[in-house]
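What follows is the residue order along each chain.
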Amino acid sequence: MSKIAFIYPGQGAQKAGMGADFYEKSETARAIFDQAGEALKLDMKALCFEENEKLDLTEYTQAALVTTCLAMTRVVEERGLKADITAGLSLGEYCAVAAAGGMEDMDAVRLVRRRGILMQNTVPAGEGGMCAVMGLDAAKIEEVLEKPEGEAKDVTIANYNCPGQIVITGKTAAVEAASEKLKEAGAKRVMMLNVSGPFHSPMLVPAGEELGKELEAVSLHPLQVPYVTNVTAEKVEDIAETKALLTEQVSSSVRWMQSMEYMIRDGVDIFVEIGPGKTLAGFMKKISRDVKVYNIASWEDMEKVTGELCR
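If you're wondering where the values come from, they're calculated on a predicted model, not measured in any experiment.

Draft legend 1. Region of interest: the environment of Asp238. Among the secondary structure elements, Asp238 is positioned in the loop between β8 (235–236) and α10 (242–249). Measuring from C-alpha to C-alpha, the distance between Asp238 and Ala185 comes to 42 Å, with 53 residues separating the pair along the chain. In this structure the side chain of Asp238 is engaged in a polar contact, spanning 2.9 Å, whose partner is the backbone nitrogen of Ala240.

Draft legend 2. Structural view of the sheet that holds strand β4 (residues 156–162). The strand order across the open sheet built from 4 strands is β4-β5-β3-β6, with neighbouring strands paired in antiparallel fashion. Of all strands in the sheet, those bounded by a partner on one side alone are β4 and β6 (189–192). Each neighbouring strand pair of the sheet contributes to a mean axis angle of 20 degrees, computed without reference to strand direction. Bridge analysis of β4 against strand β5 (residues 165–171) gives 5 bridges, and the strand direction is antiparallel. Within β5, the residue paired with Cys162 across the bridge is Gln165. Across the sheet, helix α7 (residues 138–146) touches β3 (128–134), β4 and β5, and the angle it forms with β4 is around 175 degrees.

Draft legend 3. Region of interest: the packing of helix α9 (residues 205–216) against α10. Running from amino to carboxyl end, α9 crosses α10 at an angle of 155 degrees, the nearest separation of the two axes being 8 Å. Relative to α10, α9 is oriented roughly antiparallel. Taken as a pair, α9 and α10 cross one another with a handedness that is right-handed. Residue-level contacts link Gly208, Glu209, Leu211, Gly212, Leu215 and Glu216 of α9 to Lys243, Leu246 and Thr247 of α10.

Draft legend 4. Main features of a positive patch on the surface. Taken together, the side chains of Lys278, Lys285, Arg289 and Lys304 present a region of like positive charge at the surface. Among the structural elements, Lys285 can be located in helix α12 (residues 279–287).

Draft legend 5. Structural view of the pairing of β5. In terms of burial, β5 is a largely internal element, 6 of the 7 residues being buried. Linkage of β4 to β5, two consecutive antiparallel strands, is achieved through a turn of 2 residues, within which Gly164 is found at a positive phi near 85 degrees.

Draft legend 6. Structural detail: the side chain of Ser90. Position of Ser90 relative to the elements: it lies in the loop between β2 (85–88) and α5 (92–99). A polar atom in the side chain of Ser90 sits 2.6 Å from the side chain of His200. If sequence neighbours within four positions are ignored, Ser90 has contacts with Arg115, His200, Asn230, Gln249 and Val254.

Draft legend 7. The arrangement of the sheet that holds strand β1 (residues 4–8) in detail. Read across the sheet, 6 strands follow the order β8-β7-β2-β1-β9-β10 without closing on themselves; strand pairing throughout is mixed. Edge strands, defined here as strands with exactly one partner in the open sheet, are β8 and β10 (292–296). Where β2 and strand β7 (residues 227–228) come together, 2 bridges link them in parallel fashion. Bridging from a neighbouring strand, Ala87 pairs with Val228 of β7. Each of β1, β9 (270–274) and β10 touches α12; the most contacted strand, β9, lies at about 150 degrees to it. The sheet contacts of helix α13 (residues 299–309) involve β9 and β10, and relative to β10 the element is tilted by about 140 degrees.

Rules used throughout
- Residues numbered from 1 in each chain as written.
- Predicted model: local features only at pLDDT ≥ 70, side-chain atom pairs only at ≥ 80, totals over all residues.
- Heavy atoms only, no water.
- Helix = DSSP H or I, 4+ residues; strand = E, 2+ residues; numbered from the N terminus.
- Polar contact = N/O pair within 3.5 Å; in protein donor to acceptor, adjacent residues only side chain to side chain.
- Pairing = 2+ DSSP bridges.
- Axes fitted to C-alpha atoms, helices over the stretch in contact; angles between N-to-C directions.
- Contact = heavy atoms within 4.5 Å.
- Parallel < 35°, antiparallel > 145°, perpendicular 65-115°, else oblique.
- Left-handed = near helix turned anticlockwise from the far one by under 90°.
- Patch = residues over 30% accessible without salt bridge, like charges linked within 9 Å, V, L, I, M, F, W, Y side chains within 5 Å.
- Areas by Shrake-Rupley, 256 points an atom, 1.4 Å probe, with all protein chains shown as cover.
- Salt bridge = Lys/Arg side-chain N within 4 Å of Asp/Glu carboxyl O.
- Lys, Arg positive; Asp, Glu negative; His and termini not counted.
- Charge placed at Lys NZ, Arg CZ, Asp CG, Glu CD.
- Buried < 20%, exposed > 50% of the residue type's maximum accessible area, 1.4 Å probe, protein only.

Dropping the structure here:
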């Protein structure tokens, strides 16, 4: 028997038009977009389906992506495709928890709206930044960051995406200084990212603490299937752990590569990436070529993938 994982992308995957075909063709998807719009007092259709500048602002991006991914997921499940385990990259973890049965869809949407605002506003614009480091292994990057010189201190790893692609985070000047040191250490390329803050860095601990207060007010449910958390790259089977993990997740490293390796060791052989883009499938090519990865970004993808996997 195959073991199937649903996996969800993080910020950066969003694009205008995402989910529009699901809205058009499915009452279930339509209800999720409409309810999310009502819950957040936002025009979710305009935000997700039309070209606009808000979609790339963290405070809007997170809610838009989670709404879209959950609308797609509920249609996929209606077609008979179910996950044995889930995971999501950064904000995608909220989709993973909801898809695993641990959280109501609208609570996930409300929480990531708040999370986006907190992440955007905790550190003043321009003070924090992130940089992608290509072609240098994680252990070498950790070694360089542990021995900072001059300005390059207090830089940490934000994302372990896949072998050869790691993202660092911290104060802008420190990240720039550290990226020069990493180039000297053999990185093929370093690229400052167009983000509004130093996400997944200790600078965001206050945002996590505020989010923790929001989480206290949310009722969680026993998990129907486990999910793998970014914080430890291990599976969570007890929902009682979830609030503390989501609080910590805002300021800790996203261990995506390690999470995927863990799931493969746990027997997952089919990964279904649900949401716009193919970022996670791209990472998986570098993590392991021994598993099958499917993408569901459109209605057509959904029909094809459910048709193949639900035989």
